[in-house]
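Residue-level structural notes
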Amino acid sequence: MCLMTALIALCYINVSPCLPCQFYNKQTISQPYLKENPNNVMSNTLSSPLASAQTQIDLNRFSVAPMLDWTDRHCRYFYRILSKNALLYTEMVTTGAILHGKGDYLHFSEQELPVALQLGGSDPQALAKCAVLAQERGYSEINLNAGCPSDRVQNGQFGACLMASPELVADCVKAMQDKVSIPVTIRTRIGIDEQESAEFLYRFLQTVAERGGCDTFILHARKAWLTGLSPKENREVPPLNYQRVYDMKREFPHLTIAINGGIKSIAEAKAHLTHVDGVMIGREAYQNPSILTQVDHELFGTEAMTMSLAECVRAFYPYIEHELAKGTYLGHMTRHILGIFQGIPGAKQWRRYLSENAHKAGADLQVVENALMCVTQYQTAEHESTRE
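What comes next concerns the included structure. (Residues numbered from 1 in each chain as written. Predicted model: local features only at pLDDT ≥ 70, side-chain atom pairs only at ≥ 80, totals over all residues. Heavy atoms only, no water.)

1. Brief notes about the overall build of the protein chain
Counted only if it meets this: Counting from the N terminus, the helices are DSSP H or I runs at least four residues long and the strands are E runs at least two residues long. Any residue under 20% of the maximum accessible area for its type is buried, any over 50% is exposed, and the rest in between are partly exposed; the area is computed with a 1.4 Å probe on protein chains only. Note on contacts: a residue pair is in contact if any heavy atoms of the two residues lie within 4.5 Å. Using a 1.4 Å probe, the Shrake-Rupley method yields the accessible areas, and only the shown protein chains count as cover for residues.
When its secondary structure is counted, the protein chain shows 17 helices and 11 strands. Residue burial in the protein chain is summarised as follows: out of 388 residues, 54% are buried. Taking all contacts inside the protein chain whose residues are at least 6 apart in sequence as the whole, residues at least 24 apart take part in 73%. Within the structure as shown, the protein chain displays about 17100 Å² of accessible surface, and the carbon and sulfur contribution to it stands at 51%.

2. Description of helix α9 (residues 242-251)
Within the sequence span of α9, burial applies to Arg244, Val245, Tyr246, Met248 and Lys249. Structurally, α9 contributes buried residues whose contacts are with α7 (198-212), β9 (216-220), β10 (256-260) and α10 (266-272).

3. Regarding the packing of aromatic side chains
Heads up, the condition is: Pairing of aromatic rings covers Phe, Tyr and the six-membered ring of Trp, with a centre-to-centre limit of 6.5 Å; geometry is then stacked below 30 degrees between planes, edge-to-face above 60, and tilted otherwise.
With the rule as written, the count across this model stands at 8 aromatic pairs. With centroids separated by 4.1 Å and ring planes inclined at 10°, the aromatic side chains of tryptophan 70 and tyrosine 286 adopt a geometry described as stacked. Taken together, the residues tryptophan 70 in the loop between β3 (62-64) and α2 (73-82) and tyrosine 286 in helix α11 (residues 283-287) connect sequence positions 216 residues apart. Ring geometry for phenylalanine 316 against tyrosine 319: centres 5.5 Å apart, planes inclined by 10°, an arrangement best described as stacked. Three or more aromatic residues joined by ring pairs make a cluster, and in this case those are Tyr77, Phe78, Phe316 and Tyr319.

4. Section: α7
For clarity, the threshold we go by: Helix span, expected: 1.5 Å multiplied by one less than the number of residues in the helix.
Spanning 15 residues, α7 covers 20 Å between terminal C-alpha atoms, matching the ideal 21 Å at 1.5 Å per step. Along α7, the positions that sit buried rather than exposed are Phe200, Leu201, Phe204, Leu205, Thr207, Val208, Ala209 and Gly212. Of the surrounding elements, those touching the buried residues of α7 are α6 (166-177), β8 (184-189), β9 and α9. Glycine 213 lies just past α7 and shows a positive phi near 80°.

5. Quick word on the nonpolar core
As a rule of thumb, soluble globular proteins bury nonpolar side chains together. Keep this limit in mind: For the purposes of this section, nonpolar cores are sets of buried Ala, Val, Leu, Ile, Met, Phe, Trp, Tyr and Cys residues that join through side-chain atoms within 4.5 Å.
Counting 101 residues, the largest nonpolar core has Phe62, Phe217 and Trp350 as its most contacted members. When sequence neighbours within four positions are dropped, the list of residues in contact with phenylalanine 62 reads Ala86, Leu87, Ile266, Val279, Ile281, Leu292, Val295, Leu299 and Phe300. Core analysis: the second largest hydrophobic core is formed by 8 residues, Leu59, Tyr89, Ala116 and Met280 among them.

6. With respect to the pairing of β10
Note the following rule: At least two DSSP bridges between two strands are needed for those strands to be called paired. Orienting the strands away from the viewer, one traces the path from the first strand over the helix to the second; a clockwise path indicates a right-handed crossover.
Here β10 lies mainly inside the structure; 4 of its 5 residues are buried. Where β9 and β10 come together, 5 bridges link them in parallel fashion. If you follow phenylalanine 217 over to β10, its bridge partner there is isoleucine 257. The pairing of β10 with strand β11 (residues 278-281) spans 3 bridges and is classified as parallel. When the bridges of β11 are listed, alanine 258 appears paired with glycine 278. Once you follow β10 into α10 and on to β11, the crossover reads as right-handed.

7. Things to note about the side chain of serine 83
What counts, and what does not: Under the rule applied, a polar contact is a pair of N or O atoms within 3.5 Å (in protein, one hydrogen donor and one hydrogen acceptor; residues adjacent in sequence only if both atoms are side-chain atoms).
Considering the arrangement of structural elements, one finds serine 83 in the loop between α2 and β4 (87-89). Only 3.3 Å separates the side chain of serine 83 from the backbone nitrogen of asparagine 85, close enough to count as a polar contact.

8. Re the pattern of salt bridges
Selection rule: Definition used for salt bridges: Asp or Glu carboxyl oxygen within 4 Å of a side-chain nitrogen of Lys or Arg.
Scanning the entire structure with this criterion turns up 15 salt bridges. Residues glutamate 369 and arginine 314 are paired through a salt bridge, measuring 2.6 Å at the closest nitrogen-oxygen approach. Highlighted residues: glutamate 369 in helix α17 (residues 365-387) and arginine 314 in helix α13 (residues 309-315), separated in sequence by 55 residues. One salt-bridge network, held together by shared partners, links Arg73, Glu323 and Lys326.

9. Observations concerning unusual backbone geometry
The peptide bond linking leucine 113 to proline 114 adopts the cis configuration, its omega dihedral lying at 0°. Mapped onto the fold, proline 114 is located in the loop between α3 (95-100) and β6 (115-120). Even without being a glycine, aspartate 69 presents a positive backbone phi close to 70°. Counting through the fold element by element, aspartate 69 comes out in the loop between β3 and α2. Positive phi, close to 50°, is recorded for aspartate 193, a residue that is not glycine. Tracing the backbone shows aspartate 193 in the loop between β8 and α7. Overall, the relative accessible area of 22% leaves aspartate 193 in the partly exposed class.

See below:
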């Protein structure tokens, strides 16, 4: 069987009704010049977002939440194609990993900016050292994790359990702020276990703000159960209490308060912004990243996105090629774009094709282009039907 025949057959196996595949032609897709830089991955002279934009926008007006195993550097690079202004977060990185680990846990590319590094830890000195390293690498913001309820995080004496020790949290923030000039923020819950009163949250915010000098808090509008629930259950079982977050903004009008938890659309985000200063979206952005294409126009008042979703995917190609040349597996990148066509005809076939082929040995951009045909064929068919 010739290669073309094999590729055509692949489009019909388990992904019917795909049109015959077309070979990816590198010459037809704009390729930016990618080069290494001293601090991070590369410099993209064609489409790099301007770092100066960080000082021109409210960093916390809209952000994509830090999500373990999801918001890695590949994911963030793709999200930056979809929105120039959204603040992107790293996965949580512990101080121990940064200071004593063998890998480079601060690795990112300047094209992702603005990016916040979320730190996990409770030792003020260790956090301060990591904050200095992060600022030197070019991060836009440091965020302290005081909201994760997992057992592993609690064993490290950080995450949501820190809500019981507001003085320690304040000391951690102050230690970092004394060493860096970039913002130091906190992401936390509205309570823990039986400590869920408005007074408990008020005291936490007041102590950390006054003693630690923190002026920005991202509040997940659920309390966390430190025992008895898994991290997944802690995202779903405790009821949302948006009003509690609104109340804290009224109590602390001088603080920047952003809201997080259960927000599934940009329309919902706009509604929350009538009560608070910022909105953070997590899993909805990952499972349906196309909503990020609305962010710049709807929340920051810039021009609407003009690229189609297929063009957004193809804008990711130069990065994929660069990473493939370095030995990165295709599937490590394409897993982050599986949801881009959610709700669009052909989305199921797109996901299936990528899931079944991106992890195969030697998988390259042709796999993505073949998968893309599973979606664009419907658009072509609709266009033809309107002409008849």
